[in-house]
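Residue-level structure breakdown
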Amino acid sequence: MAVTILAIESSCDDTSAAVIRDGEVLSNVVANQDVHKLYGGVVPEVASRAHQVHIVPVVDVALRKAGVSREELDAVAFTRGPGLIGSLMVGVTFAKSLALALDIPLIEVNHMDGHVMALFAEAPRPPFPFLCLTVSGGHTMIHKVNAPLEMELLGQTLDDAAGEAFDKTGKLLGLDYPAGPHIDRLARQGTPRFAFPKPEIAGYDFSFSGLKTSILYFLQNQLRQNPDFIKEHLADICASVQDRIVSILMDKLTRAAHDTGIRHVAIVGGVSANSGLRQALEAAGKRHGWTTYVPAFQYCTDNAAMIGLAGYYKYLKGEFADQEVTPVARYHQM
Ligand code: KG4
Ligand code: ZN
């Protein structure tokens with residue numbers, strides 16, 4: 001019999017609901033919160049309140065688009081963490097209430113497992129094992145994925161995430177939040193002629209805080225000599241920053257592929273929408289004989305379909321949460 005799952009994602013500033021049937025996405029609805037642009041970053045209190053407003057209509061639209069009634073649902077999957085506690089609380093509480101009312105099981109999903117499972121939303125789906133670089137506003141990780149939801153963490157960032165490096169640089173340049181897409185667009189018109197240092201970090205781990213500091217000092221120095229430096233060289237600065245972030249990511253991913261001998265290589269998460277990173281992955285794939293995978297844009301950024309896909313595999317294993325479940329802020333607490 002078919003398994004139909006409603007999934008809820010509310011870990012940061014996007015409220016999302018999706019319906020998944022037997023591992024296929026029937027609907028995936030996301031309500032963004034533009035309000036954070038005013039503040040240059042996500043304000044947790046504002047995000048939680050916006051989730052409260054969005055969650056009921058977003059779930060209704062997801063069910064309607066899928067043509068599924070509440071009574072047809074077999075389980076409710078939700079993001080337990082990592083994320084902002086106030087934001088998670090809205091999704092977790094909604095999921096618990098709905099599961100209780102419908103008397104169906106609850107499935108807790110780790111948001112980072114969700115990002116990896118986004119690769120299974122559409123064909124071509126990677127075979128196991130594969131390497132996955134997860135790059136988002138909050139995380140930068142390389143996993144060896146052995147089976148659905150079975151992954152080994154090979155490396156991660158020791159400080160800022162790759163998305164944060166884009167967003168914080170964008171703030172220095174006066175770009176709107178989130179700055180990643182703006183830097184991407186501007187970089188296409190520029191040349192990477194400013195050299196920023198590459199961090200010396202062992203193994204497959206990453207660090208981006210030094211890059212942010214060096215960009216800050218570089219800009220302060222240039223602005224002292226020419227107050228219009230940013231305005232006059234914006235595209236080249238963006239191209240240089242993007243080039244450096246992409247090379248930091250690709251170096252570690254290439255090393256992991258070389259050392260493990262794995263030739264199926266994927267990138268997921270919000271930053272996988274970056275055109276420079278996509279091109280670099282494709283080029284590395286051609287050079288090293290990898291098959292590469294990147295989810296469609298709607299499955300790269302935060303979305304509930306990826307949570308529902310992870311939830312589906314947990315459903316098959318009979319891994320359910322109880323009504324006492326509470327959200328968690330950090331990855332290692334899951
Ligand atoms: O996965 P996501 O939607 O949310 C988190 O779980 O964090 O990722 C959001 C991040 C932001 O930092 C945003 O600037 C970045 O993804 N991003 C991009 C691009 N599109 C989104 N960064 C670089 N280039 C892009 N095209
Ligand atoms: Zn995310």
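Since the model is a prediction, treat every value here as computed from it, not as a measurement. (Residues numbered from 1 in each chain as written. Chains lettered and ligands numbered in written order. Predicted model: local features only at pLDDT ≥ 70, side-chain atom pairs only at ≥ 80, totals over all residues. Heavy atoms only, no water.)

**Examining the overall build of the protein**
To keep it simple, the criterion reads: Here a helix means four or more residues in a row that DSSP labels H or I, a strand means two or more in a row labelled E, and each is numbered from the N terminus. This radius of gyration counts C-alpha atoms alone. The globule rule is 2.2 Å times how many residues there are, raised to the power 0.38. Buried means the residue's accessible area, taken with a 1.4 Å probe over protein chains only, is under 20% of the maximum for its type, while exposed means over 50%, and partly exposed covers the values in between.
A count of helices and strands for the protein gives 10 helices and 10 strands. Scaling as 2.2 N^0.38, a compact globule of 334 residues should have a C-alpha radius of gyration of about 20 Å, and the protein matches this with 20 Å. Its C-alpha atoms put the protein at 65 × 45 × 30 Å along the principal axes. When burial is assessed residue by residue, the protein has 54% of its 334 residues classed as buried.

**Describing a nonpolar patch on the surface**
Keep this limit in mind: Patch definition: residues with relative accessible area over 30% and no salt bridge; like charges joined within 9 Å; nonpolar side chains (Val, Leu, Ile, Met, Phe, Trp, Tyr) joined within 5 Å. Each accessible area value is a Shrake-Rupley result obtained with a 1.4 Å probe; residue values ignore everything except the protein chains displayed when judging cover. The working definition used for a salt bridge is a side-chain nitrogen of Lys or Arg within 4 Å of a carboxyl oxygen of Asp or Glu.
The grouping of V35, L38 and Y39 at the surface amounts to a nonpolar patch, some 320 Å² of accessible area in total. By the element assignment, V35 lies in the loop between β3 (24–31) and α1 (44–66).

**Side note on the sheet that holds strand β4 (residues 75–81)**
We count it as follows: DSSP bridges decide pairing: two strands pair if at least two such bridges lie between them. Only C-alpha atoms enter the line fits that serve as axes; for helices the fit covers just the stretch in contact. Angles between N-to-C directions range over 0 to 180 degrees. Contact definition: two residues touch when any of their heavy atoms are within 4.5 Å.
Ordered in space as β3-β2-β1-β4-β5, the 5 strands form an open sheet in which the pairing is mixed. For this open sheet the edge positions go to β3 and β5 (106–110), each flanked by a neighbour on one side alone. Across the sheet, the axes of successive neighbouring strands diverge by a mean angle of 20 degrees, strand direction being ignored. Pairing between strand β2 (residues 15–21) and β3: 7 bridges, direction antiparallel. Within β3, the position partnered with I20 by the bridge is V25. In the packing of helix α10 (residues 304–317) onto the sheet, contacts are made with β1 (4–9), β2, β3, β4 and β5, and the angle to β1 comes to roughly 130 degrees.

**Comments concerning the coordination of the zinc ion (ligand 2)**
To be explicit about the condition: In this analysis a donor is any N, O or S atom within 2.8 Å of a metal ion (3.2 Å for sodium, potassium and calcium), and since water is not included, sites may seem incomplete. Key to geometry: four donors with every angle between 85 and 135 degrees are tetrahedral; four donors are square planar and six octahedral where opposite donors lie over 155 degrees apart and all remaining angles lie between 65 and 115; all other sites are irregular.
At this site the zinc ion (ligand 2) is bound by H111 (NE2), H115 (NE2) and D302 (OD), with donor distances of 2.0 to 2.1 Å. Classification of the site at the zinc ion (ligand 2) rests on its 4 donor atoms, whose angles at the metal span 94 to 140 degrees, yielding the label irregular. Sequence spacing among the residues donating to the zinc ion (ligand 2) works out to H-x3-H-x186-D. Taken together, the residues H111 and H115, both in helix α3 (residues 111–117) and 4 residues apart, mark about one turn of the helix. In terms of burial, H111 and H115 fall into one category: buried.

**Focus: the pattern of salt bridges**
Counted by the stated rule, this structure contains 14 salt bridges. Ionic pairing is found between R21 and E72, a salt bridge with its closest N-O pair at 3.5 Å. Residue R21 is located in strand β2, and its partner E72 is located in the loop between α1 and β4; the two are separated by 51 residues in the primary sequence. With a relative accessible area of 37%, E72 lands in the partly exposed category. The salt bridge involving R193 is made with D236; its shortest N-O contact spans 2.6 Å. Placement of the pair is R193 in the loop between α5 (180–187) and α6 (209–225) and D236 in helix α7 (residues 229–260), with a sequence separation of 43 residues. Three or more residues joined by partner-sharing salt bridges are found here, namely D160, E164, K168 and K212.

**Here we look at the domain arrangement of the protein**
Defined as follows: A domain assignment, automatic or from a database, supplies the domain bounds used here. Throughout, buried area stands for the accessible area (probe radius 1.4 Å) lost by two parts on being put together, summed over both.
Once the domains are mapped, the protein shows domain 1 (4–117 + 299–317) and domain 2 (125–294). Computed from C-alpha atoms alone, the centre-to-centre distance between domain 1 and domain 2 is 27 Å. The interface of domain 1 with domain 2 comprises 18 residues on the first partner and 23 residues on the second. Of the roughly 1,600 Å² buried at the junction of domain 1 and domain 2 (both faces included), carbon and sulfur atoms supply 71%. Sorting the residues of domain 1 by area buried against domain 2 places M112, V116 and C300 first, and these three jointly supply 36% of that buried surface. Applying the counting rule to domain 1 against domain 2 returns 1 salt bridge. Put simply, R125 and E24 hold a salt bridge, and the shortest N to O gap is 3.8 Å.

**A short note on the packing of aromatic side chains**
Our working definition: Note on aromatic contacts: the rings of Phe and Tyr and the six-membered ring of Trp form a pair at centre separations within 6.5 Å, being stacked when their planes are under 30 degrees apart, edge-to-face when over 60 apart, and tilted otherwise.
This structure, assessed with the given rule, holds 10 aromatic pairs. Look at Y312 and Y313: their rings are 5.5 Å apart centre to centre, the planes differ by 70 degrees, and that puts the pair in the edge-to-face class. You can call Y312 buried: its relative accessible area is 13%. Residue class for Y313 comes out partly exposed when judged on its relative accessible area of 24%.

**A word on the site of ligand 1**
To keep things clear, this is the line we draw: The cutoff for a nearby residue is simple: one of its non-hydrogen atoms must lie within 4 Å of the molecule or strand. A 3.5 Å cut-off defines polar contacts: any pair of N or O atoms within that distance qualifies, except that in protein one atom must be a possible hydrogen donor and the other a possible acceptor, and neighbouring residues in sequence count only when both atoms are side-chain atoms. Each residue gets one of three labels, nonpolar for Ala, Val, Leu, Ile, Met, Phe, Trp, Tyr, Cys and Pro, charged for Asp, Glu, Lys and Arg, and polar for the others, Gly among them.
Near ligand 1 you find 20 residues, and of these G137, D167, D184, G270 and N274 are the closest. Here an oxygen atom of ligand 1 and a side-chain polar atom of H111 are 3.4 Å apart. One nitrogen or oxygen atom from the main chain of G138 is found 3.3 Å from an oxygen atom belonging to ligand 1. Notes on ligand 1: free accessible area 550 Å², of which the protein chains cover 90%. Where the shell around ligand 1 is concerned, the elements lending two or more residues are α3, α4 (162–172) and α5. Classifying every residue of the shell around ligand 1 by side-chain character gives 6 nonpolar, 11 polar and 3 charged.

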